[in-house]
Amino acid sequence: MNDETIRETVGRWLDENWSPDRSLREWREILLEGGWAAPHYPEEYFGRGFTNEQAKVVAEVFKERGAVPAAQAGPRRLASETILACGNDDQKQRFLRPILTGEHSWCQLFSEPGSGSDLAGVSTRAELENGQWILNGQKVWNTSAHHADFGILLARTDWDVPKHQGMSYFLIDMRQEGVEVRPLRQMNGHQSFNEVFMTNAVVPAEDLVGGEGNGWHVATTTLSFERRGFVDRFSGEGYRGDRPGRIYDEYEAEVEEANEPYTWYPQRAGRVDLVVPRARETGAIKDPVIRQEIARLLCMHRGSTLALAGAEAKRKAGTTQIIPAGSIGKLAASVIARQASKVHTMIGGADTMRSGSQSAEDGVIAEILISVPAISIAGGTDEIQRNIISERVLGMPKGHRADKGPFREIKRNS
Amino acid sequence: MSDFSKEQQLFRDIVSRFLKEVSPPEAVRELMVTEDGYDVSVWKRLCDEAGLAGTHIPEEFGGAGFGPIELGIVTEEMGRTLYCGPFFASAVMAGSALLLGGSDATKASLLPQIAAGSLIAALVLDDVDDLGRLGHSVSVDAGGTLSGGAGLVVDAHIADVLIVVARGENGLELVSVAPDADGVGVTPVEVVDPTRKLSRVDFDGASCEKIGSLDDAAVEALWNHLSVALAHEMIGGAQHMLDSTVEYTKVRFQFGRPIGSFQALKHRCADLLMDLELARALTHHAARCLDSGEGEPYAASMAKAAAADAYVEAVKAGVQLRGGIGFTWEDDTHLWFKRAKGSEVFLGPPHVHRERMMTMIDKEGVDDIQRGEGGLVA
Ligand SMILES: Cc1cc2nc3c(=O)[nH]c(=O)nc-3n(C[C@H](O)[C@H](O)[C@H](O)COP(=O)(O)OP(=O)(O)OC[C@H]3O[C@@H](n4cnc5c(N)ncnc54)[C@H](O)[C@@H]3O)c2cc1C
């Protein structure tokens, strides 16, 4: 279908079905039945098999018309993409629908106190008893877990094989007695991530994804989506305009809750967009040293945008792998954020000692300075990205490994 | 970002194969110690067989009629192999100056010869730090008499004709003069990078021919075109340096393991690759901007600054990661090291390009910057 036909078809369908006076749930059900909730999904699973470009056209029409879309952003997108890629028919039928309708929100339960970078070292225990998996252990740094209905979780199901072979991937119901979520306060004062304790938590046998012992493969699939930046925040802006309708109130409430942990995320990326305006406003733009640093920043930022677009084009053409391109992009994002933080400090000078409403841009500048350190840790540290780039892109030899053999015998954190 | 077309990739393959054949490191070493610094027979083949000297020169003037993108492909491959010859001086520098400021008659008479390689031209710029200051040391009077001098002129020692940017009564003029004419002195300069020969050129009442003029916009355009061609040369060189260094770390053993398995070296190489990827993206983007006339006015300066920084980091690591052998004359690394150091400052050091970029931003603002989030929410 070409873009024009898509626009017409969607437009006609919206003419007949869209009404801002419905409840959000009711509308999302109609959206799913109509096949427009996720047109890039396969036809068997609520979609139309559209390409991402075609799906973008559909999204544009929705936005122009003020028609509320399916719930797709945030960690729930990590879950849905992974389930689509690695789940079985039953899992796709059961889990995708409530994700798209907005009923279920999700979180990622990968990291543990004893294993972060070394994700394949997880020691949360999953044992099969009476046709159910019983989970015991602890996860940590789990963003949005305090809102989540479900989690994607990596746990160990076999301790006697090498570490990568003994894990399985679970879809866990967070709303159960055996799961306790405790918020953690971050250095920037926000509470976006949590620790999650599992004490005899239950996962039905049919909610293990990709087969027992295949957890590593499924987890790396999730990570590749994460590094490709599939996990946008919700964007609820631009739908309502000055249109009336109750659905917008519900939609905005949904977006606000989903985005609550992420209000500081733009700041952790350094807010490059604020640099030139701030430098102008403060007069710092006249300082020759600051000018050099701003120019450096803008070069990196533009170069990274261009390089990522180029990598994406190559990926589509099938000439490059996903992960290395993502690692270069992720590392670049860290370097850019640090440079932006440095430039904001130079621009503000002593004023950057202020915080909160005392700080420039109503606290945003202060928040940049204390949020940037997160970007080089979350989603795989800078050092891990450099390992991936040097080994997988440049083909440099792997270092000595001290974690071969059965997992049980490997030294790990007590 | 649109990538290279099939034709452009094919073109790159042909150029690359040709240069690998005619410009291996042994040839570079042989030529760099000669006075002329290039091999006439290779230059002939490069022009006749491969037709490269006219890459960016329009067909009506005997060229191939390609643009900055294909010219970039050629200089990128030349930078990779450190090709020694008058391509950059004659085709790129003098050719671009004539295209941007030459009169129709001059273009018709000189460009076909430059495209054919039968005439080697050198462009005399009296300021190769900041082309915005051109014309402070060379001037031409109404009668066509040249005076003054330029300290760093590429390939003037082998030029058949000098194309000179000189301060005239009404701004910058383009004039031509023979290097052996009365009142013209060409003296070789001792250089750090022996693969790019420089001379001092002095004019003492030489009479020249006025062949065009450069207004402010033409000077900026000239600076952009030359910077983008040089940026390509630099990323080609940086890529070679990264490739050869990584290869070395795989075969050199210390402590019972390849040195490439040491994380300090791995991480340094990963950083080099990231810098290079960004510089490459900016450089190819700058060529597309020149080609289409769209994009940021400072795209060329971003490319030149980023490519220079990436190249210098790559050659520094190139020496360091080889240890003692890297510091020898015998090893080839220093050939690229020296080219990098020369190219870093030629046509404006990075800080000059960054300042040039900021001046443009002062005047015209910055292109839209998206509020990024680092792409992740987990
Ligand atoms: C804001 C934020 C949000 C997050 N959200 C989530 C989430 O939703 N779900 C989730 O599961 N996790 C989440 N994480 C966790 C994150 O993925 C981990 O923190 C990260 O992978 C690092 O693991 P770690 O904290 O255990 O540090 P460690 O792995 O202990 O690392 C400590 C230091 O050692 C270095 N290091 C470790 N191994 C190597 C190596 N092989 N080579 C060189 N250096 C090495 C690291 O780079 C780091 O500098 C989040 C983290 C942050 C900061």
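Cut-offs and rules
- Residues numbered from 1 in each chain as written.
- Chains lettered and ligands numbered in written order.
- Predicted model: local features only at pLDDT ≥ 70, side-chain atom pairs only at ≥ 80, totals over all residues.
- Heavy atoms only, no water.
- Domains from an automatic or database assignment.
- Contact = heavy atoms within 4.5 Å.
- Buried area = accessible area lost by both parts, 1.4 Å probe.
- Salt bridge = Lys/Arg side-chain N within 4 Å of Asp/Glu carboxyl O.
- Polar contact = N/O pair within 3.5 Å; in protein donor to acceptor, adjacent residues only side chain to side chain.
- Helix = DSSP H or I, 4+ residues; strand = E, 2+ residues; numbered from the N terminus.
- Nonpolar A, V, L, I, M, F, W, Y, C, P; charged D, E, K, R; others polar.
- Disulfide = S-S within 2.5 Å.
- Buried < 20%, exposed > 50% of the residue type's maximum accessible area, 1.4 Å probe, protein only.
- Expected span 1.5 Å × (residues − 1).
- Arc of directions from axis to C-beta.
- Axes fitted to C-alpha atoms, helices over the stretch in contact; angles between N-to-C directions.
- Parallel < 35°, antiparallel > 145°, perpendicular 65-115°, else oblique.
- Left-handed = near helix turned anticlockwise from the far one by under 90°.
- Near = heavy atom within 4 Å.
- Areas by Shrake-Rupley, 256 points an atom, 1.4 Å probe, with all protein chains shown as cover.
- Pairing = 2+ DSSP bridges.

**Considerations on the domain arrangement of chain B**
Residue and element names in this part refer to chain B.
Phase 1 of the analysis: Looking at chain B, the domain boundaries give domain 1 (6-214) and domain 2 (217-364).
Phase 2 of the analysis: Placing a centre on the C-alpha atoms of domain 1 and another on those of domain 2 gives a separation of 23 Å.
Phase 3 of the analysis: Across the contact, 40 residues belong to domain 1 and 39 residues belong to domain 2.
Phase 4 of the analysis: Summed over both partners, the interface of domain 1 with domain 2 buries about 3,300 Å², with 69% contributed by carbon and sulfur atoms.
Phase 5 of the analysis: Looking only at domain 1, the three residues that lose the most surface to domain 2 are Arg29, Arg80 and Leu131, adding up to 18% of its buried area.
Phase 6 of the analysis: The interface formed by domain 1 and domain 2 holds 3 salt bridges in total.
Phase 7 of the analysis: Arg339 serves as the salt-bridge partner of Asp193, at 3.2 Å between the closest nitrogen and oxygen.
Phase 8 of the analysis: Connecting domain 1 to domain 2 are 14 residue pairs in polar contact (both at pLDDT 80 or more).
Phase 9 of the analysis: Mapped by element, the contributors of at least two residues to the side of domain 1 that touches domain 2 are helix 2 (25-32), helix 4 (68-81) and helix 5 (87-101).
Phase 10 of the analysis: Broken down by element, the residue count for the side of domain 1 that touches domain 2 peaks at 10 residues, all from helix 4.
Phase 11 of the analysis: Per-class residue counts for the side of domain 1 that touches domain 2 are 24 nonpolar, 8 polar and 8 charged.

**Section: the interface of chain A and chain B**
Phase 1 of the analysis: Between chain A and chain B, the contact holds 60 residues from the first and 48 residues from the second.
Phase 2 of the analysis: Taken together, the two surfaces of chain A and chain B that pack against each other cover about 4,600 Å², and 66% of this comes from carbon and sulfur.
Phase 3 of the analysis: Three residues stand out in chain A for area buried against chain B, namely Arg291, Leu394 and Met396 of chain A, and they jointly supply 13% of the buried area on that side.
Phase 4 of the analysis: Applying the counting rule to chain A against chain B returns 6 salt bridges.
Phase 5 of the analysis: With its nearest N and O atoms 2.9 Å apart, the salt bridge here joins Arg291 of chain A to Glu355 of chain B.
Phase 6 of the analysis: Across the contact surface, chain A and chain B share 14 residue pairs in polar contact (both at pLDDT 80 or more).
Phase 7 of the analysis: The set of elements that each furnish at least two residues to the side of chain A that touches chain B consists of helix 4 (75-86), helix 6 (215-227), helix 8 (265-268), helix 9 (275-282), helix 10 (288-317), helix 11 (322-348) and helix 13 (382-393) of chain A.
Phase 8 of the analysis: At 18 residues, helix 10 of chain A tops the list of elements feeding residues into the side of chain A that touches chain B.
Phase 9 of the analysis: Looking at the side of chain A that touches chain B residue by residue, the class counts come to 30 nonpolar, 13 polar and 17 charged.

**As for the state of the cysteines**
Phase 1 of the analysis: Per the counting criterion, the structure on display carries 0 disulfides over all chains.
Phase 2 of the analysis: In this structure Cys289 of chain B is a free cysteine whose sulfur lies 13 Å from that of Cys299 of chain A, the closest cysteine sulfur available.
Phase 3 of the analysis: Residue Cys289 of chain B is classed as buried on the basis of its relative accessible area, which comes to 9%.

**Quick word on helix 3 (residues 52-65) of chain A**
Residues and elements named next belong to chain A.
Phase 1 of the analysis: If you check helix 3, its first and last C-alpha atoms are 20 Å apart, about what 14 residues at 1.5 Å a residue would give, namely 20 Å.
Phase 2 of the analysis: What helix 3 keeps buried is the set Gln54, Ala55, Val57, Val58, Val61 and Phe62. Down the axis of helix 3, the smallest arc covering the buried residues is 155 degrees, so these residues share one side.
Phase 3 of the analysis: Where the residues of helix 3 are buried, they touch helix 1 (3-17) and helix 2 (24-34).
Phase 4 of the analysis: Two residues or fewer after helix 3 comes Gly66, characterised by a positive phi angle close to 70 degrees.

**Quick word on the pattern of salt bridges**
Phase 1 of the analysis: Enumeration over the complete set of coordinates arrives at 52 salt bridges over all chains.
Phase 2 of the analysis: A salt bridge links Asp249 of chain A to Arg240 of chain A; the shortest N-O distance between them is 2.5 Å.
Phase 3 of the analysis: By relative accessible area, Asp249 of chain A is classed as partly exposed at 46%.
Phase 4 of the analysis: Classification of Arg240 of chain A by relative accessible area gives partly exposed; the value is 22%.
Phase 5 of the analysis: Measuring nitrogen to oxygen at the nearest pair gives 2.6 Å for the salt bridge that ties Glu391 of chain A to Lys266 of chain B. Taken as a pair, Glu391 of chain A in helix 13 and Lys266 of chain B in helix 8 (residues 263-292) lie in two separate chains rather than in one.
Phase 6 of the analysis: Residue class for Glu391 of chain A comes out partly exposed when judged on its relative accessible area of 23%.

**Section: the side chain of Gln91 of chain A**
All names here are of chain A.
Phase 1 of the analysis: For Gln91, the position within the fold is in helix 5 (residues 89-101).
Phase 2 of the analysis: The class of Gln91 is buried, set by a relative accessible area of 0%.
Phase 3 of the analysis: Engagement of the side chain of Gln91 in a polar contact is seen with the backbone oxygen of Glu206, the distance being 2.9 Å.
Phase 4 of the analysis: Sequence-distant contacts of Gln91, that is, excluding residues within four places in its chain, are made with Ile83, Leu96, Glu206, Asp207, Leu208 and Val209.

**As for the environment of Glu169 of chain B**
Phase 1 of the analysis: Along the chain, Glu169 of chain B falls in the loop between strand 4 (161-168) and strand 5 (171-177).
Phase 2 of the analysis: With 118 residues separating them in the primary sequence, Glu169 of chain B and Ala287 of chain B have C-alpha atoms 34 Å apart.

**Considerations on the packing of helix 4 of chain B against helix 5 of chain B**
Residue and element names in this part refer to chain B.
Phase 1 of the analysis: For the pair helix 4 and helix 5, interaxial distance at closest approach is 12 Å and the crossing angle is 160 degrees. Here helix 4 lies roughly antiparallel to helix 5, going by the angle between them. Here helix 4 runs over helix 5; the crossing is left-handed. Between helix 4 and helix 5, the residues in contact are Leu71, Val74, Thr75 and Met78 and Phe87, Phe88 and Val92, respectively.
Phase 2 of the analysis: Per-class residue counts for the contact of helix 4 with helix 5 are 6 nonpolar, 1 polar and no charged.

**Focus: the site of the ligand**
Phase 1 of the analysis: Among the 19 residues in the neighbourhood of the ligand, the closest are listed as Ser117, Trp141, Thr381 and Glu383 of chain A together with Gln263 of chain B.
Phase 2 of the analysis: The site occupied by the ligand is bordered by residues of chains A and B.
Phase 3 of the analysis: At 3.0 Å, a backbone N or O of Phe110 of chain A approaches an oxygen atom of the ligand.
Phase 4 of the analysis: Residue Trp141 of chain A places a main-chain N or O atom 2.9 Å away from a nitrogen atom belonging to the ligand.
Phase 5 of the analysis: Against a free-state accessible area of 980 Å², the protein chains account for coverage of 69% of the ligand.
Phase 6 of the analysis: Along the lines of polarity and charge, the residues of the shell around the ligand split into 8 nonpolar, 10 polar and 1 charged.

**Let's talk about the packing of helix 7 (residues 216-251) of chain B against helix 11 (residues 350-364) of chain B**
A pair of packed helices is characterised by two quantities: the angle between their axes and the separation of those axes.
Residue and element names in this part refer to chain B.
Phase 1 of the analysis: Look at helix 7 against helix 11: their axes get within 14 Å of each other, and the N-to-C directions meet at 135 degrees. Taken as axis vectors, helix 7 and helix 11 run oblique relative to one another. The handedness of the crossing between helix 7 and helix 11 comes out as left-handed. Of the residues in helix 11, those touching helix 7 at Glu220, Trp223, Asn224 and Ser227 are Val352, His353, Arg356 and Met360.
Phase 2 of the analysis: Of the residues belonging to the contact of helix 7 with helix 11, the class tally is 3 nonpolar, 3 polar and 2 charged.

**Digging into the side chain of Thr75 of chain B**
All names here are of chain B.
Phase 1 of the analysis: By the secondary structure assignment, Thr75 is in helix 4.
Phase 2 of the analysis: From its side chain, Thr75 meets the backbone oxygen of Ala229 in a polar contact 2.9 Å long.
Phase 3 of the analysis: If near-sequence neighbours (up to four positions away) are discounted, Thr75 is found in contact with Phe87, Phe88, Val92, Ala229, His232 and Glu233.

**So, the pairing of strand 3 (residues 145-154) of chain B**
All names here are of chain B.
Phase 1 of the analysis: Pairing of strand 2 (residues 138-140) with strand 3 involves 3 bridges; the strand directions are antiparallel. Following the sheet pairing, Val138 is matched in strand 3 by Gly148.
Phase 2 of the analysis: Here strand 2 folds back onto strand 3 in antiparallel fashion, the turn holding 4 residues, of which Gly144 has a positive phi close to 85 degrees.

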